[in-house]
2 protein chains.
Amino acid sequence: MADNQETKESLQESLQQVIALLNKHRLVEELVHKQDMPKHDLVESLVHKQNLVELQKKLDELHPADVAYILESLPLEQRLEVWDLVKAERDGEILLEVSDAVRQTLIADMDSDELLAVAEQLDTDELADLAPDFPKDVLQELLDSLDIQNRERLQSALGYDEDAVGALMDFDIVTIREDVTLEVALRYLRRLGRLPDHTDKLFVVDRNEILQGVLPLKRLVVKDLDLTVAEVMADDAVVFHPEDKAADAAKAFERYDLVTAPVVDQQRKLVGRLTVDTVMDFIREEAESDMLSMAGLREEEDLFSSVWKSVRNRWAWLAINLMTAFVASRVISLFEGSIEKVVALAALMPIVAGIGGNSGNQTTTMIVRGLALGQVSSHNARSLLLKELGVSLMNGMVWGSVLGLIAYALYNNLALGLVMTGAMTLNLLLAAVMGVMIPLVMTKFGRDPAVGSSVLITAMTDSGGFFIFLGLATVFLL
Amino acid sequence: MADNQETKESLQESLQQVIALLNKHRLVEELVHKQDMPKHDLVESLVHKQNLVELQKKLDELHPADVAYILESLPLEQRLEVWDLVKAERDGEILLEVSDAVRQTLIADMDSDELLAVAEQLDTDELADLAPDFPKDVLQELLDSLDIQNRERLQSALGYDEDAVGALMDFDIVTIREDVTLEVALRYLRRLGRLPDHTDKLFVVDRNEILQGVLPLKRLVVKDLDLTVAEVMADDAVVFHPEDKAADAAKAFERYDLVTAPVVDQQRKLVGRLTVDTVMDFIREEAESDMLSMAGLREEEDLFSSVWKSVRNRWAWLAINLMTAFVASRVISLFEGSIEKVVALAALMPIVAGIGGNSGNQTTTMIVRGLALGQVSSHNARSLLLKELGVSLMNGMVWGSVLGLIAYALYNNLALGLVMTGAMTLNLLLAAVMGVMIPLVMTKFGRDPAVGSSVLITAMTDSGGFFIFLGLATVFLL
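Residues numbered from 1 in each chain as written. Chains lettered and ligands numbered in written order. Predicted model: local features only at pLDDT ≥ 70, side-chain atom pairs only at ≥ 80, totals over all residues.

**Remarks on the overall build of chain A**
Part 1: Across its full length, chain A carries 22 helices and 5 strands.
Part 2: A globule of 478 residues ought to have a C-alpha radius of gyration of about 23 Å, yet chain A, at 31 Å, is considerably larger.
Part 3: Projected onto its principal axes, the C-alpha positions of chain A cover 90 × 80 × 45 Å.
Part 4: The buried share among the 478 residues of chain A stands at 46%.
Part 5: Long-range pairs, those at least 24 residues apart, make up 70% of the contacts in chain A between residues at least 6 apart in sequence. (Helix = DSSP H or I, 4+ residues; strand = E, 2+ residues; numbered from the N terminus. Rg over C-alpha atoms; globule rule 2.2 N^0.38 Å. Buried ≥ 20, exposed ≤ 12 C-beta atoms within 10 Å, placed from the backbone. Contact = placed C-beta atoms within 7 Å.)

Here it is, written out as structure tokens:
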């Protein structure tokens, strides 16, 4: 039995072994190149092959998810060497496991015959995950090769928005009629011989495939065999529509602790199912994409993507950041006269701006999270704003006084100290107002408040902080 | 059948209805207070009661998760009013659903008898989730009231680290012997009458409770009834130990698409099970806590917590930020002489520092994520660093030139433009080095790289950026 601790250690070990074998293989190659002696050729190429065979054996033993992990951990060149060694019939299941960015690098390395061979090993819902990364002509060839039902399924799955339920659902559904007894149902299952992964319930439909209810396996195995499916089934199951938002479905899975759930069309006809493993992947990806976009990355990035690709991924946010920094710079230049007279202002102003940015980001993060959980809306915006203003006032007076004292001590200028305290407090209040309002306004305009809130709030507290501090100083110190 | 779309809408609607009823109730209360007429008393108190009865009825209809959602969305005062209306026998299931911060506010409102009554409704693993928030004396009374097996279970569950498998596991295990046939197994289950939530497999143990394998229900219902459990069971199931890290278990659940998994002690004796719903909650909480700590919040915060509590939660990071800002300020003050001579430096320096911080955060986020997924370690640190340096060099030359030109245009000073370009490039290179090294070094010292990386990198790029820019300017412009 696989022990988790062992599994984890051996995963790290597997990676180390693969790298060691790759390095050995490379060493031999270099030797062959350098010496260029025909006499040695045979020996070298034997050693060479032996390493590759060993590596291939190692890869064959690993779970597809573990091969995916190794591929993601290797720089591009080594990654493609390993990819070439993976058995063709395992390509499909491994492509499904790797991240989008890494998948693109692997698919770019495959020709159309290889891709079509992969497609043959997969179910339609799995194909729908890979197909968008296929070259256009291969995708067309693939569609032509499918039977009508599967072609329609694939086309409709490709038609759904990436974050709709339709894009996540699969078609591994086992249906049953409501008028049969559990005994008959069990006999039917025994004839089937096996059930799809994650099957925790059967879907009860009428002759038109209209969903009537669900029959959990754990009821099927404990209830009296003479009862009918209709008597035992749950008719209040949570159902989804293909066009529902995946994020809402994920919340429902968490809220109601689901393992699988039926997906139906407007006429309640069963069209697919959603499983908890897909939902878990979705939640993980959403959380990561929020984190990445908050840090100013446009999308998930392959760790070893080319410099050029990375530059493009990060360009957009750097450019926005540059513009906001430029605005802040112009605010400062308004007060160049004041800075010339009291040069200490130049040294103190980044503190005011920096603390405001930090505090504003704390507020925004709270609000973004509350919005994501559906707990923040217009009905409580006012009480949230009041609370954040209270927090800012308190922080401003305490930290502002500390900094005011330090400024007074450093520059022996009481008025400068008071300006510092006042500016800190005002900028923290600005940060509170903006920290609450920016995500709310973005949501109102239908934008994702996680994306860019942080940049906007920092822009406000930078320019605002410089303006407040230098403005107060100009009025009271000169 | 509950349609998801309807469910979601009615959830928002429920919240609105609860608020409306609360407001009505308050209006009546105010009227009573203001008029203070004994004649009206009876009428008012009737209307008053009627609203509360309606509200209570509304709450009774809702799923515990939905009541939890409403409680979390209400400011403290209204939250406690609603909480008082929740039926005592539902307190337990609802407390399990609310977030830690909100749970504390609810428990603070309950006396020890109410808490002990709640404890009676719950399983040991559920108790283990709530008990840490109980007052000490109530917890002791609770332990005294349990039988030996449950007391031992509760004490051991409380003993595990919050992020260990032992703290997440439950004890809803159904076991079976390997020498019986499937027919006997099914008869046994039918006698049991019901199975715990999420049961997708039975655990096969010997007479000493040592785990032999697992029997998935979906095999039980399709295999020949004459086969023995031993012939049908899977003996390569993934198992966990109570002291395993929950984060590793979560990765295994995602990697191997598990719904439930057995937890065994060192002797392979079955001690509990882990379910996918608990794991999903854990993943969600981890992702959120990473996001919160990256934004400088110490822990999860109740949206409506008191100002004082919020201030304490945010204090630590603000203080650290203040210190780093102070250091940056001292760096600037080193060059006050230069700024006095060329005051444009004061306006331009925040741009250099800001872009460096943004770029460094992009790099750190990539690395932190790679570390979390186990894809980054010493074997590829060098190639990652080279890539990031390449990205920075490219960004520095492009954006640095743009800003250099702008500075030249604004101040008509070529040397200033060149200093700007050079400083931008150098600070971006510094950001790349620090962005890769800081999370790696933090991991080496056993710290969570998600916590504080962002503050550290910004501190480096701020102080570094000011020093590089003002230093270059002092050397080349004066």
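Picking up after the structure, the text goes on.
**Focus: the relation of the copies chain B and chain A**
Part 1: Relative to chain A, chain B is turned by 180° and slid 0.0 Å along the rotation axis, the superposed coordinates differing by an RMSD of 0.1 Å. With respect to symmetry, the two chain copies, as superposed, fit the operation of a two-fold axis.
Part 2: The overlap is high: 100% of the interface residues of chain B also sit at the interface in chain A, so the same surface is used on both sides. (Least-squares fit on C-alpha atoms with pLDDT ≥ 70 in both.)

**Thoughts on the confidence of the model for chain A**
Part 1: Looking at chain A as a whole, the pLDDT averages 86, with 93% of positions reaching at least 70.
Part 2: The complex prediction reports pTM at 0.77, with the ipTM value standing at 0.77. (pLDDT = per-residue confidence, 0-100.)

**Let's talk about the pairing of strand S2 (residues 201-205) of chain B**
Residue and element names in this part refer to chain B.
Part 1: Of all 5 residues that make up S2, 5 are buried, and the element is covered over most of its length.
Part 2: Of the two faces of S2, the one lined by Lys-201, Phe-203 and Val-205 and the one lined by Leu-202 and Val-204 are each fully buried.
Part 3: Pairing of strand S1 (residues 175-176) with S2, which is carried by 2 bridges, proceeds in the parallel orientation. In the strand pairing of S2, Thr-175 is matched with Phe-203.
Part 4: Between S1 and its parallel partner S2, the chain crosses via helix H12 (residues 182-192), and the hand of that crossover is right-handed.
Part 5: Here S2 runs beside strand S3 (residues 211-216); their pairing, made up of 5 bridges, is antiparallel. (Pairing = 2+ DSSP bridges. Right-handed = clockwise from strand over helix to strand, strands pointing away.)

**Overview of the sheet that holds S1 of chain B**
Part 1: Strand order in the open sheet formed by 3 strands is S1-S2-S3 (chain B), with mixed pairing between adjacent strands. Every other strand in the sheet has two partners, leaving S1 and S3 of chain B as the edge strands with one partner each.

**Here's the deal with the environment of Ile-173 of chain A**
Residues and elements named next belong to chain A.
Part 1: Take Ile-173: it is sitting in the loop between helix H11 (165-168) and strand S1 (175-176).
Part 2: Using a count of 19 C-beta atoms within 10 Å as the deciding quantity, one classes Ile-173 as partly exposed.
Part 3: Residues in contact with Ile-173, not counting those within four places in the same chain, are Phe-203, Leu-270, Gly-272 and Arg-273.

**Re the interface of chain B and chain A**
How large an interface is tends to be reported as the accessible area lost when its parts come together.
Part 1: Tallying the contact residues gives 110 residues for chain B and 110 residues for chain A.
Part 2: For the side of chain B that touches chain A, the leading source of residues is helix H19 (residues 344-372) of chain B, giving 15 residues.
Part 3: Residue composition of the side of chain B that touches chain A, grouped by class: 55 nonpolar, 28 polar and 27 charged. (Nonpolar A, V, L, I, M, F, W, Y, C, P; charged D, E, K, R; others polar.)

**What to know about the packing of helix H7 (residues 112-121) of chain B against helix H9 (residues 136-145) of chain B**
To characterise two packed helices, one gives the angle between the axes of the helices and the distance between these axes.
All names here are of chain B.
Part 1: Two elements in contact, H7 and H9, have axes separated by 10 Å at closest approach and are oriented at 40°. In this view, H7 runs oblique relative to H9, as classed from their interaxial angle. Crossing angle aside, the handedness with which H7 passes H9 is right-handed. Residues Ser-112, Leu-115, Leu-116 and Ala-119 of H7 lie in contact with H9, whose contacting residues are Val-138, Glu-141 and Leu-142.
Part 2: Along the lines of polarity and charge, the residues of the contact of H7 with H9 split into 5 nonpolar, 1 polar and 1 charged. (Axes fitted to C-alpha atoms, helices over the stretch in contact; angles between N-to-C directions. Parallel < 35°, antiparallel > 145°, perpendicular 65-115°, else oblique. Left-handed = near helix turned anticlockwise from the far one by under 90°.)

**Describing the packing of helix H19 (residues 344-372) of chain A against helix H21 (residues 414-444) of chain A**
Residue and element names in this part refer to chain A.
Part 1: The contact between H19 and H21 brings their axes to 8 Å, and the two run at 30°. The orientation of H19 relative to H21 falls into the category roughly parallel. Once H19 is placed against H21, the crossing between them reads as right-handed.
Part 2: A breakdown of the residues in the contact of H19 with H21 according to their chemical character gives 19 nonpolar, 8 polar and no charged.

**Looking at the environment of Leu-192 of chain B**
Part 1: Residue position: Leu-192 of chain B is located in helix H12.
Part 2: Through-space distance from the C-alpha of Leu-192 of chain B to that of Val-174 of chain B is 9.7 Å; in sequence the pair is 18 residues apart.

**Re H7 of chain B**
Residue and element names in this part refer to chain B.
Part 1: Taken together, the buried positions of H7 are Leu-115, Val-118 and Ala-119. Projected down its long axis, H7 carries its buried residues within an arc of 100°, all on one side. Exposed and facing more than 90 degrees away from the buried side of H7 are Asp-113 and Glu-120.
Part 2: Buried residues belonging to H7 abut helix H5 (91-97), helix H6 (100-108), helix H8 (124-130) and H9. (Arc of directions from axis to C-beta.)

**Focus: the pairing of strand S3 (residues 211-216) of chain A**
Part 1: By the criterion of burial, S3 of chain A is predominantly enclosed, with 6 of the 6 residues buried.
Part 2: Linkage of strand S2 (residues 201-205) of chain A to S3 of chain A, two consecutive antiparallel strands, is achieved through a turn of 5 residues, within which Glu-209 of chain A is found at a positive phi near 65°.

**Topic: the domain arrangement of chain A**
All names here are of chain A.
Part 1: For chain A, the domain assignment lists domain 1 (4-168), domain 2 (175-294) and domain 3 (307-477).
Part 2: The interface of domain 1 with domain 2 comprises 6 residues on the first partner and 13 residues on the second.
Part 3: Grouping the amino acids of the side of domain 1 that touches domain 2 by side-chain chemistry returns 4 nonpolar, 1 polar and 1 charged. (Domains from an automatic or database assignment.)

**Let's talk about unusual backbone geometry**
Residues and elements named next belong to chain A.
Part 1: Of note in the backbone geometry, His-198 takes a positive phi value of approximately 70° without being a glycine.
Part 2: Mapped onto the elements of the fold, His-198 is located in the loop between helix H12 (182-192) and S2.
Part 3: Looking at His-198, the number of C-beta atoms within 10 Å reads 21, which means it is buried.

**Details of the sheet that holds S3 of chain A**
Part 1: Here 3 strands make up an open sheet; going across it, the order is S1-S2-S3 (chain A) and the pairing mixed. The open sheet has two edge strands with one neighbour each: S1 and S3 of chain A.

**Examining the environment of Ala-247 of chain A**
Residue and element names in this part refer to chain A.
Part 1: Looking at where Ala-247 falls in the secondary structure, it is placed in helix H15 (residues 246-255).
Part 2: Separated by 155 residues in sequence, Ala-247 and Gly-92 have C-alpha atoms that sit 27 Å apart.
Part 3: Once you skip the residues sitting within four places of it in the chain, Ala-247 turns out to touch Asp-163 and Glu-286.

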